[in-house]
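Chain by chain, the residues run as shown.
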Amino acid sequence: MADPSPKPVPLLKDQLDIVIPTIRNLDFLEMWRPFFEQYHLIIVQDGDPNKTIRVPEGFDHELYNRNDINRILGPKANCISFKDSACRCFGYMVSKKKYIYTIDDDCFVAKDPSGKDINALEQHIKNLLSPSTPYFFNTLYDPYREGADFVRGYPFSLREGAPTAVSHGLWLNIPDYDAPTQLVKPRERNTRYVDAVLTIPKGTLFPMCGMNLAFDRELIGPAMYFGLMGDGQPIGRYDDMWAGWCVKVICDHLGLGVKTGLPYIWHSKASNPFVNLKKEYKGIFWQEEIIPFFQSATLPKDCTSVQNCYIELSKQVKEKLGAVDPYFNKLADAMVTWIEAWDELNNSSEESSSKQEPNGAAK
């Protein structure tokens, strides 16, 4: 009997890491096997580091728990959240790849309207590898998709677009609602599949969700800090939002694009709205001051790197949001610590590489 034909090599196989935060066995990966098996996974285990997390056979992965984070970052480990999915950003820090895709462990393969399984990762890669249009809105949405183009009246001088830093995907079934909306609409499900990818215009913020997200780590990685959330903090469920606001301000400043829309995943499980309300309630009030802060934030022209932009933003957070609550002074300090840790782990030295090895993780 002839050997089966080799699997086709997926896009960016050796240039992309998949980062998954979890507290449980990763059985959900079986559904993603056709799409994820040839990529490298970075698993960030939250909660009890003595618990054993089972990863299905055949997946190339490394797993980091809290003990690893403490060992690798030392005193700077306090910038990584505990008992919150914000811990995923540690995976962004230790990755050595150009691109990151991050997904939650309650997200499954969705189907398009024809019934075909959606390869979410492939669509994210297509989004990242084609330009964005942040300076002028194209009414046919993404002009670089097959079957679309720039419409009449679109300036030719802007048709080269801008490099895409972020691809923000969406969800079928359980929508990403805040706790008050969950309580009012407990049975609502998202069944609308919109076949579109849009560039979020320059100067416009958006609520970034981290459960189906890809980004160019070399372009924007140091700004993808998910803040201080969870254990010991007065707020939760704003980790990806905070990162998204910071990222968008910096992308606008540096001339980078952010896309949203396709691909969809199937979000299988609604979190408890009462637990969510306890985590969110301060954020619901605070965001009415946080969002105007980011809407008016400007960065100096001499901030030409993501790190410089982020440090400058941390100063403004302390100066303008510190009066809202002392938490923001703590968060601003953590933003600086995050950048220091990022730079230490990404200086390409052999010492840094050996220090990052997780204890007993499969490679």
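Everything quoted here is computed from the prediction, not taken from an experiment.

Cut-offs used in this document
Residues numbered from 1 in each chain as written. Predicted model: local features only at pLDDT ≥ 70, side-chain atom pairs only at ≥ 80, totals over all residues. Heavy atoms only, no water. Helix = DSSP H or I, 4+ residues; strand = E, 2+ residues; numbered from the N terminus. Rg over C-alpha atoms; globule rule 2.2 N^0.38 Å. Buried < 20%, exposed > 50% of the residue type's maximum accessible area, 1.4 Å probe, protein only. UniProt positions renumbered as here; feature names shortened; annotations may be inferred. Expected span 1.5 Å × (residues − 1). Contact = heavy atoms within 4.5 Å. Phe/Tyr/Trp six-rings, centres within 6.5 Å; stacked < 30°, edge-to-face > 60°. Core = buried A, V, L, I, M, F, W, Y, C linked by side-chain atoms within 4.5 Å.

A few points about the overall build of the protein chain
When its secondary structure is counted, the protein chain shows 11 helices and nine strands. Over its C-alpha trace the protein chain gives a radius of gyration of 20 Å, about what one expects of a compact globule, namely 21 Å for 363 residues. By principal-axis analysis of the C-alpha atoms, the protein chain measures approximately 65 × 60 × 50 Å. Across the 363 residues in the protein chain, those meeting the buried criterion constitute 53%.

Regarding the UniProt feature "glycosylation site" (unreviewed entry) in the protein chain
Under the UniProt annotation, "glycosylation site" (unreviewed entry) lies at R152. Following the sequence through the fold, R152 ends up in the loop between helix 4 (120-129) and strand 6 (164-173).

Regarding helix 9 (residues 306-321)
The terminal C-alpha atoms of helix 9, which comprises 16 residues, lie 21 Å apart, in line with the 22 Å expected from a rise of 1.5 Å per residue. Burial in helix 9 covers these residues: V306, C309, Y310, E312, L313, S314, Q316, V317 and L321. On its buried face, helix 9 is in contact with helix 6 (217-220), helix 7 (239-254), helix 8 (273-296) and helix 10 (327-345).

What to know about the UniProt feature "site: Required for activity" (unreviewed entry) in the protein chain
Mapped onto this numbering, the UniProt entry annotates "site: Required for activity" (unreviewed entry) at R152 and R159. In this structure, R159 sits in the loop between helix 4 and strand 6. Discounting chain neighbours no more than four positions away, the residues touching R159 are Y144, F150, V151 and Y154.

Observations concerning the packing of aromatic side chains
Throughout the structure, instances matching the rule amount to 21 aromatic pairs. Taking the centre distance of 5.5 Å and the plane angle of 90° together, the rings of Y144 and F150 count as edge-to-face. Residue class for Y144 comes out partly exposed when judged on its relative accessible area of 27%. Grouped by ring-pair contacts, the aromatic residues W242, W245, W286, F293, F294, Y327 and F328 constitute a single cluster.

Examining helix 7
The terminal C-alpha atoms of helix 7, which comprises 16 residues, lie 23 Å apart, in line with the 22 Å expected from a rise of 1.5 Å per residue. Within two residues after helix 7, G255 carries a phi angle of roughly 80°, on the positive side.

Some points on the nonpolar core
Soluble globular proteins tend to pack their nonpolar side chains together in the buried interior. L73, I220, Y225, W242, Y310 and W338 are the most contacted members of the largest nonpolar core, which totals 69 residues. Ranked by residues supplied to this core, first place goes to helix 10 with 11 residues. Setting aside anything within four residues of it in sequence, one finds Y225 in contact with C79, C89, D239, W242, A243, Y310, L331, A334, M335 and W338. Listed in part, the 31 residues of the second largest apolar core include I20, I103, C209 and M211.

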